[in-house]
Amino acid sequence: FSLTSQAATKKFKDLSPHVYNVADRSYRTMMKNTGTTPDSRKNQSVIISGESGAGKTEAAKQVMRYLIEASKMSNGESTEIQDSLISANVILEAFGNAKTLRNDNSSRFGKYIKLMYDKDNSLKGAFTEHFLLEKVRLTQGDEGERNYHVFYMLCKSGAVAEDLGLGEAKEYDMLTKGGCTEVNGVDDAKDFGDLKEAFGKIGLSGEEEKDIWKLIALLMHLGNIKFSAASGDGNCEVEVPVGEDKLGALLGCEFLSVKNAITIRQVRSGRGSLMAMNLNPQQAKQGVDALIKHCYGNLFTFLVSKINQSHKLSVASNSFIGILDIFGFEIMKYNSLSQLCINFANEKLQQQFNQQVFVRERELYLEEGLPVDVITFKDNQPVIDLISKKPSGLLPLLEEAGMLSRAVEPSALVSSFDKPHAGVHPNYGKARFGNEDFVIKHFAGEVLYSGKELLSKNNDSLHEDLKILLSNSTSDFIVNVCTQFEKEGASGYVEKTEEEKERELEMEEAKEASSNKRGSAKTKLAASQTVTSKFRGQLNSLVETLTSTEPHYIKCIKPNSSKSPTTANDELVLEQLRYSGVLEVVRIRREGFPIRMSFTDFHKRFEILCFKDGLVSTRKATPEENMAAAIHICEKCLDPTEYAKGKTRMFLRNGLLEKLQQLVNEVYATMATKLQSRQRTKAAVKGFAATKISTVKLQNLQRMIHEKRAFQKHKAATIKAQAFLRSRTEQSQFQKKKAAASKLSAVIRGHQASDGYKKRQTAQAKISSIVRGKQGKAAFDKTKDLVVKLQALERVRERRAAFNSKKE
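First, a word on what this report is: a plain description of the structure on this page. (Residues numbered from 1 in each chain as written. Predicted model: local features only at pLDDT ≥ 70, side-chain atom pairs only at ≥ 80, totals over all residues. Heavy atoms only, no water.)

Omega for the bond connecting Lys390 with Pro391 falls within 30 degrees of zero, at 5 degrees, which places this linkage in the cis form. Tracing the backbone through its elements, the reader meets Pro391 in the loop between helix H14 (381–388) and helix H15 (394–402). One non-glycine residue, Leu132, adopts positive backbone phi at about 45 degrees. Among the secondary structure elements, Leu132 is positioned in the loop between strand S5 (123–131) and helix H5 (149–155). (Helix = DSSP H or I, 4+ residues; strand = E, 2+ residues; numbered from the N terminus.)

Have a look at this one:
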């Protein structure tokens, strides 16, 4: 089992505080019936807050993993929705996260994920809503930061990048504005493989996937376009490093049409006729940047829609658990519209937190008849009114300035802010230097905002010429994703879910309700095209959803700014605890009565403290008797200033629950001591008897062992004596046998010597006779040879004489 599986099957006392604890509490609270119908249950929200790099995204993933695991254990099987939820995280992080100075995987958008459950507590669907994607990052970047991860993944994609004609990340202006193209410990090539796998799990077709890569490549090439002033009255010169034909093919248009759309603007005159106005290089570059942001923003929305489509409910849902992962409070060196919107969102969420924790605390005190003077907190409603309340709120003034036909200088815009608020509103201040900056005193601290580019960044509309260019593309994917003219059944078309249709309807109603009553239709149209108006509508809808649910909070604390895993900056941690409202909660809890228990529960838990006082047992007590018993226990054990009696429960100061529990433990300890003493007495008597029996047996055994040892000793001595006697007898017999053997040996040796002598004499005689025979034979043979020779000589002489006589 993983930790998630273990956590889903046991209680959480040993995991508190832990994100699994919060996830488990939200899941179990959702399962409880809170209404009159059998399936009526309270929807839940897990709100995760903290500054950038504090771990909000990781906490959200852990909460989601736990809830998925809990659902698996509830219905005993895994479903496709559970697998696609994890894949959705991979996609959203690739397209919505980027490396910043504070965080290597910073979420540059907010998301609220609803996990839908049926009546059997099984996960059956999900819906993801995103907020304020930081599109300005596409065209602007701070030193040491990267653009969105997907661009760098695509550059390391191997064959895919080669097919699109892409090079290394350092070759593209969009990806090098921060001077950083790689992140330590991050393998973009591997992440690209994970991203492709995730695409398949949410149901993206192979054609749609190719179109997405083409669109991203198109944006990278658009960012590389260079503009220069042309000679004469013509429009500016356009330089396309990738090649004009290649760029036109990716966009699905002739390059001439592309060039005209980005360098010429059609302007309607007062008489209604159209006039062509040549753009200078700066204006053309701004138009291309707007096109990049528009296409990427629509691509992100398309992916979220595909994710929602893959999470479509198979059955009707009875309840949901929402997980809010939204940007934390930001104070940068340069703070502009993004930081203003982000910090405004955090103000709204902080107010919702105040409403949940502080206001409800006061309401509870009033309902119970307790004094509420101890419940005091810093309300941030004035800051919210300063930013958003009409007609003089900063955002309404910014939107109004954006509707003017003429350009408004940053100093004039800031001056329009200063006029109703400077020196009047406690949360607004002028900048010490310059007239293009202003200060807002947020709940988390003071922030200096720059008035430069506020108007340009707030204009989220695309010029009509560029819209026409996109709508004329031969690519169905670009037409469907980047324009509102959707072609059903073509690449990039997504059928909206019922949840998305309802959300769009709510957004339209919120826009109409928040629009200025004296504004015309034209005013409403212009306001609806601004970043702030869209964001305020989304934020109001989100806050309404959170208010309608039971919230659970996870406060993420960033330990240090150096991204070190083993160090903590005390000052930084304390600052986050302060502006997240945690210290305020602790203060109020300590000043008031943080511990509250119903009279029945209080009596049941601490009944042992008055068991000798004749009070009714909790099993038989009425509510009035339970209340009287609870009061009696407090009067007996606590100081009058340490507790308060409400209408339905007892209220205790901080730490008194432990004090009462200690008294209960002491009573139990006293009773246990008495029981233990009696038990020890019985055990000692029983033990003595057993010891006596054991001692007698031990003595008998000892005597037996002693006698056995004496017997063994006597036996050993007897055996030694017998052995000695036998050895003497054997020795005498041995000596006799030895003497007899010696005599016998002598006789035998004598006979052996005599026989040997005789044999030698006989052999000697035989040898002598043989030698003499051989010598006689040799002499005979010699004599014989001489005789033969003499005879031969004699015969020779005789024959010669005979011959001679015959001759004569």
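Strands sit in the order S15-S17-S16 across an open sheet of 3 strands; the sheet is antiparallel. A single partner strand is all that each edge strand has here, and the edge strands are strand S15 (595–598) and strand S16 (643–645). For this sheet, the mean angle separating the axes of adjacent strands, direction not counted, is 20 degrees. The pairing of S16 with strand S17 (residues 649–652) spans 3 bridges and is antiparallel. For Tyr643, the partnering residue across the bridge sits in S17 and is Leu652. Sitting on the sheet, helix H26 (residues 623–637) touches S16 and S17, and the angle it makes with S17 is about 20 degrees. (Pairing = 2+ DSSP bridges. Axes fitted to C-alpha atoms, helices over the stretch in contact; angles between N-to-C directions. Contact = heavy atoms within 4.5 Å.)

It is worth spelling out the packing of aromatic side chains at this point. A complete count under the given rule lists 16 aromatic pairs for this structure. Judged by centre distance (5.6 Å) and plane angle (25 degrees), the rings of Phe438 and Tyr449 are stacked. Taken as a pair, Phe438 in strand S12 (residues 437–442) and Tyr449 in strand S13 (residues 445–450) lie far apart in primary sequence, 11 residues in all. Feature note: the residues Phe95, Tyr148, Phe151, Phe192, Phe199, Trp213 and Tyr296 constitute an aromatic cluster, connected by ring pairs. Above the ring of Tyr152, the side-chain terminus of Arg146 is found at 4.0 Å from the ring centroid. For the cation-ring pair, Lys555 lies above Phe353, with the distance from its terminal atom to the ring centre recorded as 4.1 Å. (Phe/Tyr/Trp six-rings, centres within 6.5 Å; stacked < 30°, edge-to-face > 60°. Lys NZ or Arg CZ within 6 Å of the ring centre and 35° of its normal.)

Of all hydrophobic cores here, the largest spans 72 residues; its most connected members are Phe95, Phe151, Ile212, Trp213, Ile216 and Leu299. The leading source of residues in this core is helix H12 (residues 281–310), at 12 residues. Not counting residues within four places of it along the chain, the set of residues in contact with Ile212 comprises Phe95, Phe199, Leu204, Leu299, Phe302, Leu303 and Phe477. Tyr112, Phe353, Leu395 and Leu539 belong to the second largest nonpolar core, which has 49 residues in total. (Core = buried A, V, L, I, M, F, W, Y, C linked by side-chain atoms within 4.5 Å. Buried < 20%, exposed > 50% of the residue type's maximum accessible area, 1.4 Å probe, protein only.)

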